[in-house]
Amino acid sequence: MASVSTTMPAATFARPNPLRICFKEAKYEFLKCLRLPMYSVSTMLFPIMFYVLFGLVMGRQTIGSISTSVYLIPAYGTFGVMGASLFGTAATLAGDRGLGWLQVKRASPMPIYAYFLAKVVMSVIFSTVDVLALLTLGVAFGGVHIPTLVAAKLVLTLVSGSLPFCTMGLAIGYFAGPTSAPAVINIFYLPMSFCSGLWMPFMFLPKFVQKIAVFLPLLPPYHLSQLVFHQVGAGQGGPILWHWESLLGFSLVCLGIAWVGHQRDQKANG
Amino acid sequence: MAIAQVVSIQRSRAHGTVAEIQGASKNFGSVRALVDFNFQVRAGELTALLGPNGAGKTTAIKLLLGLACPTSGRVSVFGADPAEATTRTRVGAMLQVGRVPESLRAAEHIDLFSSYYPNPLPISETLAIAGLEELRDRKFGDLSGGQKQRVLFALAICGNPDLLFLDEPTVGLDVEARHLLWQEIRNLLGRGKTVVLTTHYLEETDTLADRVAVINNGSLIAEGTPAQIKSRTAGKKIRCVTQLSAAVIRDIKGVIDVQADREAVVIQSNHPESVLRGLLSLDLEISGIEVTSAGLEDAFLALTREEK
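In this text, all values refer to a predicted model and were calculated from it rather than measured experimentally.

Please explain the interface of chain A and chain B as it appears in this structure.
It is common to report an interface's size as the accessible area lost on association of the parts. With 36 residues of chain A at the contact, the number on the chain B side is 43 residues. Around 3,800 Å² of area is buried between chain A and chain B when both sides are counted, 62% of it from carbon and sulfur atoms. Linking chain A with chain B are 2 salt bridges, by the criterion used here. Across the pair A:R35 and B:E108 runs a salt bridge, and its minimum N-O distance is 2.8 Å. Viewed at the interface, chain B and chain A are joined by 10 residue pairs in polar contact (both at pLDDT 80 or more). At the level of elements, α1 (18–34), α4 (101–107) and α11 (240–269) of chain A are the ones that each hand at least two residues to the side of chain A that touches chain B. At 7 residues, the largest contribution of residues to the side of chain A that touches chain B is made by α1(A).

See the structure below:
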C-alpha cells in the first residue's frame, strides 16, 4: 500500500450510518445480557415464579373486585419491568464505567447516544417478554379474560414504564461501583416494590407500612402499577394523568442525577 | 536537553506531524500529571513513550485520544480536536482495560467496533491480522490472557485507522505471542500507518521504535532515536572471568567502573579496546570476554535517575 498522505482531509470519508451503529449496539447488548444467566434468568424467572405460585397455584381468591390471577399481572409485570430495566442499565453501566470498557468505547468513534440507546432497547425487549409471559400464563392457566384491546394497552403501558426505570438505572449506574452495583440496585428495587404493593396488595401490608402511604406518590412502581390497575378495573388512587406526570417528573430527576454523575466522571478523567 | 532531530533514514516516509501536544499541563486536583509537556507524532513512524509508572504516559495518551482535556496548552490530532467524531474515525486505540463484556464472541466484538468506522477492514482480514481466525467464535471470557490482548488489538485496527495508539500492548503475552504482535506492528508501519506505543519492555522500544520520548514526573526529559538515547549513557560494557582484583582492574587506563557479577566482572569504559589490551596482558588466563553497548535500559535508568 502506498504511503499515507497526512493532509488527507477527514471530509473525504463517508460518515458511518448512525442507524446501523445503533442497531448493532442494541443487538450485541441484547445478546450479551441474554447469555448472562445472572441477568436473563433472574429478571425473567422471579416475576414468573411469583406469578405461578401466588397467581395460579394459590390464586382462586379475589382482591377487591377482581381475581388474584388478574390482579397480579400488573403487579408482577411492574416488578419484572423494573428489574429488567434497573439491572439492564445500572449494573452494566457501573461495570463498564468502573473497569475501563466505557473508556475504550469513548475512544472509538461510537456516538455515545448509541451506547445508552442500546441499553434502553435491551431493557424494553426483556420487559416485553416478561409481560407477555405473565399475560400468556394468566390466560392459559389462570382463567384470565381480558379483551384484546385492554391487553394491548396493558402491555404497552407496562413496557413504556421501562423508560423511567432505565433513567433510574442510569442514575444508580453513575454512582455505584462495578461490584457493589447489584447490591445498590436491590436496596432500591426490593423495598420500593414491596412498599408499592407489588408483592401483596397494599391493604394486606402491615399497619406500619400502610402508615407511610403518604409517601406512595414518591414511588414510581406505585404509579406504573396504578396505571395498569386502572386498565383492568382495579385502580385506587388518583387520576391517570397524575400518574403519568409523576413518572415523567421522576424520570427527569433521575436524568438530572445521571447528568451530575456523568459530569463527575468527566472531571475525574479530565 | 533536547537531542538534535536527525532525519530518519531507516525508512523513507512522509514526515508531517499527525498528532501534537503543545505545552500541555494537566492537573488532577493537586496532582500534576503533566507539566508543560511537548510531544509530536510524525507520520509513518512508531513513536515510543517511555517512563516509569505514574510518569504521565497514560495521561498523555488520554489527551491525544480526547478522553481528557489539558488544564492548559493545546492538543491536536490530524490538525483537529481529538474528541471530534471525524478525528476519531481515523484513530484506533488499544487501552488497558479491566473487564470486557465476556459473553460476546471475538468476531462479534470486532463486528460491532467495525460498524463505528466509515471504511473498516473486512472482518476476516481483521481476524487474520490479529491471528484470531481459529478463535472467532470463542467467547471473550473463554480466551487466555494473550488471546484477550489480541482481541483488543483487533478492535484497535478493525477501523483501518491511520493513527494507532497502543498502551502496553504486550503485557501478559508469552515470548512467541509478543514477537507475533511485533511483526503485526511492523506490517502496519509498512502500510504507512503511524503508531504511538507505551511500554515497559525496553527491548520492544529498541526493536520497533523510530523515535523515543522519555517522560518522567510529567515532563519530557529526552527525545530522539533509540541510538541517540542510548548514546547518552557512557560507552561499552566488558564482561569477563578473570583472576585480577577489582583494584587492579580499576588502575587500567580507561576504566570507569568495575562491578562483580556472579563469577565474572563487568567493566564500564569509553575506550574498550585499550582496556582489553590491558586485561589481556595482565591476565593470561582471562576467559569469557563479552563486549556490549550500554542498552536502552541503562540509558533509561540513568535518565530517570538524573531527574531525581
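Moving on from the coordinates now.
Mind showing me how you'd approach the sheet that holds strand β12 (residues 264–269) of chain B here?
Within a sheet, adjacent strands bond to each other through the backbone by hydrogen bonds, running parallel or antiparallel. Residue and element names in this part refer to chain B. Overall, antiparallel pairing links the 4 strands, which are arranged β11-β12-β10-β13 in an open sheet. Across the chains shown, the open sheet's two edge strands, defined by having one partner strand only, are β11 (255–261) and β13 (287–293). Put simply, the sheet's adjacent strands are angled 20 degrees from each other on average, direction ignored. Looking at chain direction, strand β10 (residues 236–241) and β12 are connected through 5 bridges and run antiparallel. By the bridge assignment for β12, K237 is matched with Q268.

In this structure, what is going on with the pairing of β11(B)? I would like to understand it.
The two faces of the sheet receive side chains in turn, since in a regular strand these alternate between them. Residue and element names in this part refer to chain B. Alignment of β11 against β12, held across 6 bridges, turns out to be antiparallel. Bridging from a neighbouring strand, V258 pairs with I267 of β12. Turn length for the β11-β12 hairpin, with the two strands adjacent in sequence and antiparallel, is 2 residues, and the turn residue R262 shows positive phi of about 50 degrees.

Explanation requested: the confidence of the model for chain B in the structure shown.
Residues shown with low pLDDT carry predicted positions that ought not to be read at fine detail. All names here are of chain B. Scored by pLDDT, chain B has a mean of 86; 93% of the residues are at 70 or more. Highest mean pLDDT in chain B belongs to helix α3 (residues 106–114) (96); lowest belongs to helix α11 (residues 296–307) (71). This stretch, residues 1–14, has a pLDDT under 50; its non-local contacts, to residues over four places away or in other chains, come to 25 contacts. If you check the scores for this complex, the pTM reads 0.83 and the ipTM reads 0.86.

It is not clear to me how the side chain of A:S246 should be interpreted in this structure. Could you clarify?
Tracing the sequence through the fold places A:S246 in helix α11. Among the polar contacts listed, one links the side chain of A:S246 to the backbone oxygen of A:W242, at a separation of 2.8 Å.

Mind showing me how you'd approach the pattern of salt bridges here?
A pair can form between side chains of opposite charge whenever their charged atoms are brought close. Residue and element names in this part refer to chain A. Tallied over the entire structure, the rule returns 14 salt bridges over all chains. Residues K119 and D96 are paired through a salt bridge, measuring 3.7 Å at the closest nitrogen-oxygen approach. Separated by 23 residues along the polypeptide, K119 in helix α5 (residues 112–141) and D96 in helix α3 (residues 68–98) bring together distant segments of the chain. Residues K119 and D96 agree in their burial class; the two are buried. It is possible to trace a salt-bridge network through shared partners that takes in E29, K32, D96 and K119.

Procedures and definitions
- Residues numbered from 1 in each chain as written.
- Chains lettered and ligands numbered in written order.
- Predicted model: local features only at pLDDT ≥ 70, side-chain atom pairs only at ≥ 80, totals over all residues.
- Heavy atoms only, no water.
- Contact = heavy atoms within 4.5 Å.
- Buried area = accessible area lost by both parts, 1.4 Å probe.
- Salt bridge = Lys/Arg side-chain N within 4 Å of Asp/Glu carboxyl O.
- Polar contact = N/O pair within 3.5 Å; in protein donor to acceptor, adjacent residues only side chain to side chain.
- Helix = DSSP H or I, 4+ residues; strand = E, 2+ residues; numbered from the N terminus.
- Pairing = 2+ DSSP bridges.
- Axes fitted to C-alpha atoms, helices over the stretch in contact; angles between N-to-C directions.
- pLDDT = per-residue confidence, 0-100.
- Buried < 20%, exposed > 50% of the residue type's maximum accessible area, 1.4 Å probe, protein only.

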